[in-house]
Amino acid sequence: MFQREGDRVKRSLASILERRGPIRSVGVVGMGYVGIPAAVLFANSPAFDAVLGFQRDSPSSGYKIPMLNRGECPLVGEEPDLRDLIRTVVDTGKFRCTSDFSEVSDLDAVTIAIQTPFKNGSDLEPDFSALTDGLRQVGRHLTPGTLVVLESTVTPGTTTGLARRILEEESGLTAGEEFALAHAPERVMVGHLIRNIQEHDRIVGGIDPASTQRAIELYSPVLTVGRIIPMTATAAEVTKTAENAFRDLQIAAINQLALYCEAIGVNVYDVRKGIASLKGEGVTRAVLWPGAGVGGHCLTKDSYHLERGVTNPAETHPLLNGGQSVFLVARNINDAMPRHMYRLSVEGLRRIDRTPAGAKVALLGWAFIRDSGDARNTPALPYMKMMIGAGASTAVHDPYVVHDDDAGVETSHDLNSVLRGADVIAIFTAHTCYYDRLDPARVMELTGRDHPVIVDGRNVIDADAFIGHGFIYKGIGRGDKNEHPICEPEYRA
Ligand code: SAJ
């Protein structure tokens, strides 16, 4: 089936796909927290015969290849169902991990789930090098009729720009005529990877209708309650970056309100409860939670991706001048929260005529999110740097994170040893274990201090209980408690 387009007969992608038949073999590039669950869910579906996981055999990540092929999970933290699924699909021979990209040529569809982090935190330029490398590897072995899907979060315009160009250069094929190309952004959250892929609606955007249709064929079998939401590739890129920019904005709004509540002298959690109580037809108040900052791999960068997509195609990345974007203002507010934790700590120390110099600071929680080992862009790092810069020594407890290679920080699983001798205790992550392990009398005894400072960045502890034991309490948004009278508990052990 050919459509005449001027003098050149435009081969119909639909006809090539029709001749190729249904998708039976799938490849997933990038064995990370996005690619691994995606690959095992494709492999676990009867719709597909074989799934390959592609992973560069690099010094930092090559270990995942043998690990996955043994049926073991390289991800840390609680991930329901993922470990059992990996073992099942490996044991049944439906999934295999490899670094040999030439096997792409045997596949009907290839998804690319490669991170697009920032080169560095200051200039906020995304590092597309790993994604570009993955695209080149796939392009070199692309065959006519293959579907390529970008799952990575990218600047709007990347799929139809950078990605299309690299795939066409490397393969000599034409996207939209000889191979299908789409964007289907991942929407997984650490701790719920499998369920998110099955239950979240899936945005699927092709560079043309045939590509969109082919991508719908790929993703439909792995959805349980989630629905497919089709659109163009660029609209899909805007959707993904904007859904995180909106979340970051919502968090910034409650963080700003928390600072107001501190200044006014009220409890932001009372106010939040009041606002959230407004319900009814069409009435929504998506009030999120104030905290010690916003970390992770998504919200810390997706607003900048969105901003860049607004001005130019994906090849250049000037942010909007003047930073008047509400999304960038939100980013600044959220990035200021670790500084606010520092300010609360210094104010607490000042109440006992101390400064950070010479103080021991115990940071509780290094992971960017509760009950996870993921420490990417943790808000605790800028706080630690500020404390060390002011002459304090620091110790970090986290029940999941053992060390943070990127930050060069070692953490301890031994809470008592981190608390021992602490002058300041700063709670950065609301790990479940802290809710029942931070007993005020026990913590007081471990610190051995008359009035240790405790700064609650996640509303974990009971302020009155700790104040009653002689702590100097400070809490994000706790204008009702932050200037409390200092107690000399008569019942101290
Ligand atoms: N945070 C707050 N207050 C909140 C919620 C989060 O301070 O009310 C902080 C967290 O402590 C963390 C950071 O923000 O440091 C990010 O938390 P997150 O819950 O947004 O978790 P992420 O970064 O893993 O975001 C992911 C995103 N999912 C994808 O990109 C696929 C996001 O779109 C989801 O909305 C989010 O999970 C979610 O809802 O859990």
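Residues numbered from 1 in each chain as written. Predicted model: local features only at pLDDT ≥ 70, side-chain atom pairs only at ≥ 80, totals over all residues. Heavy atoms only, no water.

Undergrad: How should the site of the ligand be read in this particular structure?
TA: Within the structure, the ligand sits among 18 residues, and M189, K240, N244, R247 and F368 are positioned closest to it. With respect to the ligand, the backbone of W289 contributes an N or O atom lying 2.7 Å from a nitrogen atom. A distance of 3.1 Å separates an oxygen atom of the ligand from a polar side-chain atom of R458. Against a free-state accessible area of 730 Å², the protein chains account for coverage of 86% of the ligand. Comparing atom positions with the cavity grids shows the ligand to sit within the second largest pocket. Taken together, the residues of the shell around the ligand sort by class into 10 nonpolar, 3 polar and 5 charged. (Near = heavy atom within 4 Å. Polar contact = N/O pair within 3.5 Å; in protein donor to acceptor, adjacent residues only side chain to side chain. Areas by Shrake-Rupley, 256 points an atom, 1.4 Å probe, with all protein chains shown as cover. 1 Å grid on protein atoms, 1.4 Å probe; cavity = no way out; pocket = protein on both sides within 12 Å on 5 of 7 lines; lining within 4 Å. Sits in = over half its atoms within 2 Å of the grid points. Nonpolar A, V, L, I, M, F, W, Y, C, P; charged D, E, K, R; others polar.)

Undergrad: Is there a simple way to think about the layout of surface pockets in this case?
TA: The rolling of a water-molecule-sized probe over the atoms marks out the regions of remaining empty space. Empty space within the second largest pocket amounts to approximately 1300 Å³. What lines the second largest pocket is a set of 40 residues, among which R247, I251, F368, I369 and R370 lie closest to the centre. No other element matches the 6 residues that helix 9 (residues 233–264) contributes to the lining of the second largest pocket. Here the residues of the lining of the second largest pocket sort into 17 nonpolar, 13 polar and 10 charged. For the lining of the second largest pocket, the domains that each give at least three residues are domain 1 (2–226) and domain 2 (232–493). (Points joined across faces, edges and corners; volume = space filled by probe spheres on them. Helix = DSSP H or I, 4+ residues; strand = E, 2+ residues; numbered from the N terminus. Domains from an automatic or database assignment.)

Undergrad: What's the story with the packing of helix 12 (residues 326–350) against helix 13 (residues 380–389) in this structure? I'm lost.
TA: Helix-helix packing is described using two parameters, namely the angle between the two axes and the distance between the axes. Look at helix 12 against helix 13: their axes get within 8 Å of each other, and the N-to-C directions meet at 40 degrees. When the axis of helix 12 is compared with that of helix 13, the two are oblique. When the axes of helix 12 and helix 13 are compared, the crossing they make is right-handed. Contacts between helix 12 and helix 13 involve P338, R339, M341, Y342 and S345 from the former and P382, Y383, M386 and M387 from the latter. Considering only residue class, the contact of helix 12 with helix 13 consists of 7 nonpolar, 1 polar and 1 charged. (Axes fitted to C-alpha atoms, helices over the stretch in contact; angles between N-to-C directions. Parallel < 35°, antiparallel > 145°, perpendicular 65-115°, else oblique. Left-handed = near helix turned anticlockwise from the far one by under 90°. Contact = heavy atoms within 4.5 Å.)

Undergrad: Would you explain the pairing of strand 3 (residues 25–29) in this entry?
TA: Taken residue by residue, a regular strand's side chains alternate between the two faces of the sheet. Of all 5 residues in strand 3, 5 are buried; the element is thus mostly enclosed. Burial along strand 3 is two-sided: S25, G27 and V29 and V26 and V28, pointing in opposite directions, are all buried. For strand 3 and strand 4 (residues 50–54), the ladder comprises 5 bridges, and the chain directions are parallel. For S25, the partnering residue across the bridge sits in strand 4 and is A50. Regarding topology, helix 2 (residues 35–44) serves as the crossover connection from strand 3 to the parallel strand 4, and that connection is right-handed. Strand direction decides the pairing type here: strand 3 and strand 6 (residues 109–112), joined by 4 bridges, are parallel. Along strand 6, the bridge assignment pairs V29 with I112. (Buried < 20%, exposed > 50% of the residue type's maximum accessible area, 1.4 Å probe, protein only. Pairing = 2+ DSSP bridges. Right-handed = clockwise from strand over helix to strand, strands pointing away.)

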